[in-house]
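# A look at the structure
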Amino acid sequence: MPAEASTSRPPSPPLTERQEARRRRILHASAQLAGRGGFDAVQMREVAESSQVALGTLYRYFPSKVHLLVATMQDQLERMHGTLRRKPPAGDTAAERVAETLMRAFRALQREPHLADAMVRALTFADRSVSPEADQVSRQTTAIILDAMGLDDPSPEQLSAVRVIEHTWHSALITWLSGRASIAQVKIDIETVCRLIDLTAPKE
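Residues numbered from 1 in each chain as written. Predicted model: local features only at pLDDT ≥ 70, side-chain atom pairs only at ≥ 80, totals over all residues. Heavy atoms only, no water.

## Overview of the nonpolar core
The biggest cluster of nonpolar side chains holds 59 residues, and the ones touching the most others in it are Val98, Trp169 and Cys194. When sequence neighbours within four positions are dropped, the list of residues in contact with Cys194 reads Ala95, Val98, Ala99, Leu102 and Ile165. (Core = buried A, V, L, I, M, F, W, Y, C linked by side-chain atoms within 4.5 Å. Buried < 20%, exposed > 50% of the residue type's maximum accessible area, 1.4 Å probe, protein only. Contact = heavy atoms within 4.5 Å.)

Right under this line is the structure:
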C-alpha cells in the first residue's frame, strides 16, 4: 500500500553492525513473546527487557507495537524466503510452484498460530505511519512469489496478478486464523488464484 509523500518517513541511514545486532535481538524478542501469547503478550517494556535495550531505544527503532510486529512479519518472511531458496518448490508450471511456495509459507505460520495471529493483526491495524514497514512485507511477499515463478523482469500484467495472489494469501491467513476457513479451503483458494499466472504469461 503506497504511502503519500507527505506521510512517509524519510529513509533511515544504514544501521551499523552493532545497531543491526540490537535490531535483531528486538525482533527475536518480539517473535518469542508473540509466539507464547499472541498480540496482547507483546508489551514494549517486556520486549525491551528481553532484548536488553532501554525502552527509549526500543521506541527509536519501532515507534509502536504495531510497527514492531509488522517488522517482525517482514523478518519472518525473509527467513522463509531463505529456506525456500535453499529448497525451491517443485512443479511443472509457475502456477504450481507459486501455490506450493505459498502453502509452505502458510504451514510455517500454522506451526506458530499465536505469532501468525499477532503479525496479521498488526498488519490489519497498520495506518499510514506504518506504511514503510507494511511496504516491506508486501515487497518480501512479492519477491517470494516472483522467485517461485522464476521471473526477474515481470510484465505489468504479471505484477498485477502477483498483487492479487498476495492479497488472497493474506486474506486466507485472516480467515484461517479467525476459524472461518480450513487448511483445505485455503489450499483450494491459493491454487485457484495462482491460475492467474498462466493467464498473464506472455503469449509466445
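Read on, since the account is not over.
## Points about the side chain of Ser131
Relative to the helices and strands, Ser131 is located in helix α7 (residues 131-149). Separated by 3.0 Å, the side chain of Ser131 and the backbone oxygen of Arg128 make a polar contact. (Helix = DSSP H or I, 4+ residues; strand = E, 2+ residues; numbered from the N terminus. Polar contact = N/O pair within 3.5 Å; in protein donor to acceptor, adjacent residues only side chain to side chain.)

## Here we look at the packing of helix α5 (residues 94-110) against helix α9 (residues 183-193)
Two numbers describe how α5 lies on α9: the axes approach to 9 Å, and their chain directions differ by 150°. Taken together, the axes of α5 and α9 lie roughly antiparallel to each other. In this structure, the crossing between α5 and α9 has a hand that is right-handed. Contact residues: Ala99, Leu102, Met103, Phe106, Arg107 and Gln110 in α5; Ile183, Val186, Lys187, Ile190 and Glu191 in α9. Residues of the contact of α5 with α9, tallied by class, amount to seven nonpolar, one polar and three charged. (Axes fitted to C-alpha atoms, helices over the stretch in contact; angles between N-to-C directions. Parallel < 35°, antiparallel > 145°, perpendicular 65-115°, else oblique. Left-handed = near helix turned anticlockwise from the far one by under 90°. Nonpolar A, V, L, I, M, F, W, Y, C, P; charged D, E, K, R; others polar.)

## A short note on helix α1 (residues 17-37)
When the terminal C-alpha atoms of α1 are compared, their 31 Å separation across 21 residues agrees well with the 30 Å that a helix rising 1.5 Å per residue should span. Listed in full, the buried residues belonging to α1 are Arg22, Ile26, Leu27, Ala29, Ser30, Ala31, Leu33 and Ala34. Here the buried face of α1 lies against α2 (44-51), α3 (55-61), α4 (65-86) and α6 (113-125). Just beyond α1, the residue with positive phi is Gly38, at close to 80°. (Expected span 1.5 Å × (residues − 1).)

## Considering the packing of aromatic side chains
In total, this model carries three aromatic pairs according to the counting rule given. When the centroid spacing of 6.5 Å and the interplanar angle of 35° are considered together, the rings of Tyr61 and Phe62 count as tilted. For the pair shown, Tyr61 and Phe62 are each scored as buried. Each ring, one from Phe106 and one from Trp176, has its centre 5.3 Å from the other, and the planes form 65°; the classification is edge-to-face. One end of the pair, Phe106, is in helix α5; the other, Trp176, is in helix α8 (residues 156-177), and 70 residues separate them in sequence. Trp176 shares its class with Phe106; the two are buried. (Phe/Tyr/Trp six-rings, centres within 6.5 Å; stacked < 30°, edge-to-face > 60°.)

## A short note on the packing of α1 against α4
Running from N to C, α1 and α4 point in directions that differ by 95°, and their axes come no closer than 10 Å. Comparing the axis directions of α1 and α4 gives the class roughly perpendicular. Between α1 and α4, the residues in contact are Arg23, Arg24, Ile26, Leu27, Ser30, Ala31 and Ala34 and Leu68, Leu69, Ala71, Thr72, Asp75, Gln76 and Arg79, respectively. Grouping the constituent residues of the contact of α1 with α4 by class yields seven nonpolar, three polar and four charged.

## A short note on the environment of Val137
Checked against the element boundaries, Val137 lands in helix α7. With a relative accessible area of 1%, Val137 lands in the buried category. It is 8.5 Å that separates the C-alpha atoms of Val137 and Asp75, two residues lying 62 residues apart in sequence.

## Overview of unusual backbone geometry
Unusually for a residue other than glycine, Gln52 sits at a positive phi of about 60°. Among the structural elements, Gln52 can be located in the loop between α2 and α3.

## Topic: the environment of Met80
By the element assignment, Met80 lies in helix α4. Measuring from C-alpha to C-alpha, the distance between Met80 and Ala108 comes to 8.1 Å, with 28 residues separating the pair along the chain. In contact with Met80, not counting residues within four places along its chain, are Ala105, Ala108 and Leu109.

## Section: the confidence of the model for the protein
Model confidence for the protein is summarised by a mean pLDDT of 90, while 93% of its residues fall at 70 or above. Mean pLDDT across the elements of the protein bottoms out in helix α10 (residues 196-200) (90) and peaks in α2 (97). Across residues 1-8, where pLDDT falls below 50, the model places eleven contacts with residues more than four positions away in sequence or in other chains. (pLDDT = per-residue confidence, 0-100.)

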